Amino acid sequence: MNRKLGTNGPLVSAIGLGCMGMSGAYGESDEKEAIATIERALEQGHNVLDTADYYGAGHNEELISKAISGKRDKAFLSVKTGQLYTPGPNGAMGPGPVSGHPNYLRNAVFYSLRRLKTDYIDLYTPARVDPAIPIEETVGALADLAQKGVIRYIGLSEASADSIRKAATVHAITALQIEYSLWSRDIEAQIMPTIRELGIGLVAYAPLSRGFLSGEIRTPDDLKDSRVNMPRYQGENFYKNLELVETIKRLAIEKSCTASQLAIAWVLAQGDDIITIPGSKRINHLEENIASKNVKLTQVDLQRIEEIMPAGVVSGTRYPERYMNALNR
Ligand SMILES: NC(=O)c1ccc[n+]([C@@H]2O[C@H](COP(=O)([O-])OP(=O)(O)OC[C@H]3O[C@@H](n4cnc5c(N)ncnc54)[C@H](OP(=O)(O)O)[C@@H]3O)[C@@H](O)[C@H]2O)c1
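Computed from a predicted structure; not experimentally measured.

J.: It is not clear to me how the site of the ligand should be interpreted in this structure. Could you clarify?
T.: Lining the immediate environment of the ligand, one finds 31 residues, of which Tyr-26, Asp-50, Ser-280, Arg-282 and His-285 sit closest. Tyr-26 is positioned with one of its side-chain polar atoms (N or O) 2.6 Å from an oxygen atom of the ligand. The contact in question runs from an oxygen atom of the ligand to an N or O atom on the backbone of Leu-208, over 2.8 Å. Alone, the ligand offers 900 Å² of accessible surface; in the complex the protein occludes 95% of this. A total of three residues in the shell around the ligand trace back to one element, the largest contributor, which is helix H9 (residues 283–290).

J.: Whenever I open this one, the pairing of strand E9 (residues 151–157) confuses me. Can you help?
T.: Here is the key point about a regular strand: its side chains alternate between the two faces of the sheet. Among the seven residues of E9, five are classified as buried, and the element is accordingly described as predominantly covered. Here strand E8 (residues 121–126) runs beside E9; their pairing, made up of three bridges, is parallel. The residue bridging Leu-123 from the neighbouring strand is Tyr-153, located in E9. Tracing the backbone out of E8, into helix H4 (residues 135–147) and back to the parallel element E9 gives a crossover that is right-handed. Note: E9 against strand E10 (residues 175–179), three bridges, orientation parallel. In the sheet register, Gly-155 faces E10, and the bridge partner there is Ala-175. In the classification by handedness, the crossover that spans E9, the intervening helix H5 (residues 161–168) and the parallel E10 is right-handed.

J.: Would you mind showing me how to read the sheet that holds strand E3 (residues 17–18) here?
T.: Strand-to-strand pairing in sheets goes through backbone hydrogen bonds, with the strands running parallel or antiparallel. In space, the eight strands of this open sheet follow the order E3-E4-E5-E8-E9-E10-E11-E12, with parallel pairing throughout. What marks the edges here is a single partner per strand, and that holds for E3 and strand E12 (274–276). In this fold helix H3 (residues 102–116) packs onto strand E5 (76–81), E8 and E9, with an angle of close to 140 degrees to the strand it touches most, E8.

J.: Would you mind going over the nonpolar core with me for this structure?
T.: Soluble globular proteins tend to bury their nonpolar side chains together. Residues Ile-38, Leu-49, Ile-151, Leu-176 and Trp-183 are the most contacted members of the largest nonpolar core, which totals 97 residues. When residues in this core are grouped by element, the largest group, eight residues, is from helix H8 (residues 259–268). Excluding its chain neighbours within four sequence positions, the residues that come into contact with Trp-183 are Ser-209, Phe-212, Leu-213, Arg-232, Asn-241, Leu-244, Val-245, Ile-248, Met-309 and Val-314.

J.: Explanation requested: the packing of aromatic side chains in the structure shown.
T.: Each pair of aromatic rings is reported with the distance of its centres and the angle of its planes. Taken as a whole and assessed by the stated rule, the structure comprises eight aromatic pairs. Here the aromatic rings of Tyr-54 and Tyr-55 are separated by 5.2 Å at their centres, their planes lie at 80 degrees, and the arrangement is edge-to-face. With respect to burial, Tyr-54 and Tyr-55 carry one shared label: buried. Taken together through their ring pairs, the aromatic side chains of Trp-183, Phe-212, Tyr-233, Phe-238 and Tyr-239 make up a single cluster. Taking NZ or CZ as reference, Arg-210 lies 4.7 Å from the ring centre of Tyr-319, over its face. One residue, Arg-227, lies across the ring of Tyr-26, its end atom 4.3 Å from the ring centre.

J.: Looking at this model, I keep getting lost on the pattern of salt bridges. Mind explaining?
T.: Where side chains of opposite charge bring their charged atoms close, a pairing between them can arise. This model, assessed by the stated rule, comprises 25 salt bridges. Close ionic contact of Glu-179 with Arg-318 constitutes a salt bridge, the shortest N to O distance being 3.1 Å. With Glu-179 in strand E10 and Arg-318 in the loop between helix H10 (299–308) and helix H11 (321–325), this pair connects stretches of sequence that are 139 residues apart. Assessed through its relative accessible area of 0%, Glu-179 is described here as buried. On the accessibility criterion, Arg-318 (4% relative accessible area) is buried. For Lys-249, the salt bridge goes to Glu-246, with nearest N and O atoms at 3.8 Å. With Lys-249 and Glu-246 both in helix H7 (residues 235–254) and three residues apart, this pair spans about one turn of that helix. Judged by relative accessible area, which is 27%, Lys-249 ranks as partly exposed. The class for Glu-246 is partly exposed, based on a relative accessible area of 27%.

Procedures and definitions
Residues numbered from 1 in each chain as written. Predicted model: local features only at pLDDT ≥ 70, side-chain atom pairs only at ≥ 80, totals over all residues. Heavy atoms only, no water. Near = heavy atom within 4 Å. Polar contact = N/O pair within 3.5 Å; in protein donor to acceptor, adjacent residues only side chain to side chain. Areas by Shrake-Rupley, 256 points an atom, 1.4 Å probe, with all protein chains shown as cover. Helix = DSSP H or I, 4+ residues; strand = E, 2+ residues; numbered from the N terminus. Buried < 20%, exposed > 50% of the residue type's maximum accessible area, 1.4 Å probe, protein only. Pairing = 2+ DSSP bridges. Right-handed = clockwise from strand over helix to strand, strands pointing away. Contact = heavy atoms within 4.5 Å. Axes fitted to C-alpha atoms, helices over the stretch in contact; angles between N-to-C directions. Core = buried A, V, L, I, M, F, W, Y, C linked by side-chain atoms within 4.5 Å. Phe/Tyr/Trp six-rings, centres within 6.5 Å; stacked < 30°, edge-to-face > 60°. Lys NZ or Arg CZ within 6 Å of the ring centre and 35° of its normal. Salt bridge = Lys/Arg side-chain N within 4 Å of Asp/Glu carboxyl O.

Set out below in C-alpha cells:
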C-alpha cells in the first residue's frame, strides 16, 4: 500500500518503520534483530525508514547503513536533525536546545550522509523549529541542499500552522512529521487544515502512543525507559489510560485484528495524505503493524470509535512540560 507524500511528492509506503527504538530510546535493542527488522520492511516494500542524527548520537544512522547496504534504492530515508545534546552531570549527555541555523544544517547533513553511507537523503527534516532563527532561513538552507542534490525533499516536524505557511513561501515542503494517533489529535484543529491547503503530506509518528495503545504495557513497572517521564504513563493517568486501552482491545476483537493494528488503521483512515511510521525493533511487531493495511475501517466503524474515544479523552500530555514548551505552537 503506497501513498503520495504531499501533492507533488514521491510515492512511498503508507506504513513505514520508525527506527528510534533501535538506538536505546525504549530500552535495550539487539543489533541483529534491529537490522533484520529493517531488512524485512524493505523486502516487503515498506520503504520509509525514519531516523535522526541524534538517535543514539549517530548510532541509528550507522545501524540503518548496515541494513540498506547494497539496496539503497529500496529505501526512502527520512532523516531528522537539529536536536542538540548538552553535557549533563557525571559525563552523561542529555537533550539540549535545537538548532535550525543554516550553518548547522549544512554541516549536519554531511555527517549524516557519511554515517548512512549514501550520497543523498530522501526527506530531510529539522526536528523542531528553532525559535532563534526565522524559519525562512532554515528552509532556505535546506532549499540550497536540495538544489545541490544532497537531499531530495524537505520536511518539517512539530511546526505550527504559522511556521508551516512561512516555510512554504521559501520552498515546497513535502511532509510534516508530527505526533498523531487516537490519543494525540490536537493537530486536527489548525495544523491539518493548513497542510492540506498547502498540499503537504502528513507523517504521523507515535501512532501507538509509544507502545501504550498496543495493550502490551500492563503496569507502570513495564516501563523502564524515557516513557516513565511522560505524564500519560504516570500515576492515575496510567490506570485511566489503561481502561481506554481495554476499550480499544474490545473494538479490535470485533474487527478481527490486534489493538495495534486498529490504532494504525485508524491513523491511515484519516486521509490518503497520511503515512505513518510505527516504531519497532522487532520483526514480529513490524509484521503485525504492516498487516494493519488489511484492516478496513468503514465509516460506521470510524463513527463508533469517535463516540467511544473522542479527541481529548486521554489523561495526561504527550510529553513532559519541558518538552511540551519546546513545541512550536
Ligand atoms: N518527529 C519527532 O519529534 C518524533 C518523536 C518521536 C518519534 N519519532 C519517530 O516516530 C517513530 C515512531 O514513534 P515511537 O516509536 O515513539 O512510538 P510508537 O510507534 O507509537 O510506538 C513504539 C513502541 O511500540 C512498541 N510496538 C510497536 N509495534 C508493536 C506491536 N505490534 N505490539 C506491541 N508493541 C509494539 C515498540 O516496541 P518494540 O520496539 O519492542 O516493537 C515501541 O516501544 C520513532 O521510531 C521515530 O522514528 C519522531
